[in-house]
Amino acid sequence: GTLGVAVIGTGRMGADHVRRIDQVISGARVSAVVDLDAERAKRLADGIEGCTAHTDAAAAMAADDVDALVIASPGPAHEEALLTAFAHDLPVLCEKPLTPDAASALRVLEAEQRLGRRRVQVGFMRRYDAEYMKLKALLDGGSLGRPLMLHNRHRNASSPPGFTSANLINDSVVHEMDVTRWLLDQEITAVTVLRPRPSSNAPEGLADPQFVVFETDGGALVDVEMSVNTGFGYQVKAEAVCERGTARIGEEQSLVTETAGRWGGTIVQDFTERFADAYDREVQAWVDATRRGEVTGPSVWDGYAAAAVCEAGVRSLTEGVRVEVELIERPALYR
Ligand code: ISE
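As recorded in an unreviewed UniProt entry, the protein chain goes by Inositol 2-dehydrogenase and comes from Streptomyces ruber. UniProt, in the comment section headed Sequence similarities (unreviewed entry), describes the protein chain in these words: "Belongs to the Gfo/Idh/MocA family." Here is the UniProt Subunit (unreviewed entry) comment for the protein chain, exactly as written: "Homotetramer."

### Concerning the sheet that holds strand S1 (residues 3-8)
Picture the strands of a sheet paired through backbone hydrogen bonds; they go either parallel or antiparallel. Strand order in the open sheet made by the six strands is S3-S2-S1-S4-S5-S6, with parallel pairing throughout. Edge positions in the open sheet fall to strand S3 (52-54) and strand S6 (120-123), since each of these has one partner strand only. This sheet shows a mean twist of 25° between the axes of neighbouring strands, independent of strand direction. Where S1 and strand S4 (residues 68-71) come together, four bridges link them in parallel fashion. The partner of Ile8 across the bridge, within S4, is Ile71. Sheet strands in contact with helix H9 (residues 276-291) are S1, strand S2 (28-34), S4, strand S5 (92-95) and S6, and its direction is about 155° off that of S5.

### Some points on the side chain of His54
Secondary-structure assignment places His54 in strand S3. According to the relative accessible area criterion, His54 is buried, its value standing at 18%. Excluding residues that lie within four positions of it along the chain, His54 makes contacts with Ala32, Val33, Val34, Asp35, Ala41, Ala59 and Ala60.

### Details of a nonpolar patch on the surface
Together, Leu148, Met149 and Leu221 make up an exposed nonpolar region whose accessible area comes to about 230 Å². Along the chain, Met149 turns up in strand S7 (residues 147-155). Met149 sits in the partly exposed class, given a relative accessible area of 38%.

### Let's talk about the pairing of strand S12 (residues 245-249)
By the bridge criterion, five bridges tie strand S11 (residues 235-242) to S12 in an arrangement that is antiparallel. In the strand pairing of S12, Ala240 is matched with Ala247.

### Structural notes on the pattern of salt bridges
The tally for this structure, following the rule as stated, stands at 27 salt bridges. We note a salt bridge from Arg20 to Asp280, for which the minimum N-O separation is 2.5 Å. Of the two residues, Arg20 sits in helix H1 (residues 12-24) while Asp280 sits in helix H9, which places them 260 residues apart along the sequence. For the salt bridge of Asp178 with Arg127, the shortest nitrogen-to-oxygen distance reads 2.7 Å.

What counts, and at which threshold
Residues numbered from 1 in each chain as written. Predicted model: local features only at pLDDT ≥ 70, side-chain atom pairs only at ≥ 80, totals over all residues. Heavy atoms only, no water. UniProt positions renumbered as here; feature names shortened; annotations may be inferred. Pairing = 2+ DSSP bridges. Helix = DSSP H or I, 4+ residues; strand = E, 2+ residues; numbered from the N terminus. Axes fitted to C-alpha atoms, helices over the stretch in contact; angles between N-to-C directions. Contact = heavy atoms within 4.5 Å. Buried < 20%, exposed > 50% of the residue type's maximum accessible area, 1.4 Å probe, protein only. Patch = residues over 30% accessible without salt bridge, like charges linked within 9 Å, V, L, I, M, F, W, Y side chains within 5 Å. Areas by Shrake-Rupley, 256 points an atom, 1.4 Å probe, with all protein chains shown as cover. Salt bridge = Lys/Arg side-chain N within 4 Å of Asp/Glu carboxyl O.

Here it is, written out as structure tokens:
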């Protein structure tokens, strides 16, 4: 039957997932929404047939019409919600970050292993983006030879109030950490964060842009230009440089106009637009797998590895040195 989903967190991301489950994808319905802001949760629930508003996640998880969870609350709240979900044996789609640091991610990793099976898909949605999937298939096919370097440009039009220099790493570059591990099928072994003189577009004190370099255990070099106050739009581009050729995505040539001696196109303004299809595909894949009693896609191991790289990245940002990444042995459940 239809999967009853409780969405925890009704901020920008949570509300977008509520809309997506209620109106876009098939096989699931929003049977509960949870937010500490009771008013906001109620407003959202009132617009959805048979949906109940809660302020307490555990109460929502105990409800008879909740079969699965989407966790879209702020990162620091994820650990408790995940451990409670395990206690209710509920399958979870957990938005990135799994948790903000390696120690808390490890606690979730150990708790899921105690269940003896995966329960969590982590919200690294770029793996479901059509262009990234094509790039992954091309690199896996081997026709270009071994990837030597990966150049990434990740640009936000403007940073939200209170966005810190560490958020550029934990909230934004975290996507390139997962993309690097997934595209190359390698682990990141060291992080170096370099900081040019900040843009005058950036709020006072924000280290924006940042230039981040990853080294991998397969000997590749990956760089990320991370900007969060471009002022002109949202762009995510990647170019793989391999032994026998290159491949690049994110060029946004969807519509090019030529008129009156000029040519041009448009640039999207935020990630919900650039990755709308990726989010739809990610949530549909999660609902389909959950209804089959399976868990697929990015795992708690991927969430832990990204958390460890984030921690190293923030240390490199603050101490101005290259920082090596220490990971535990990859458990059998995630091989
Ligand atoms: C946001 O949380 C995302 O996940 C977006 O994909 C990223 O581009 C943005 O910088 C983050 O703040």
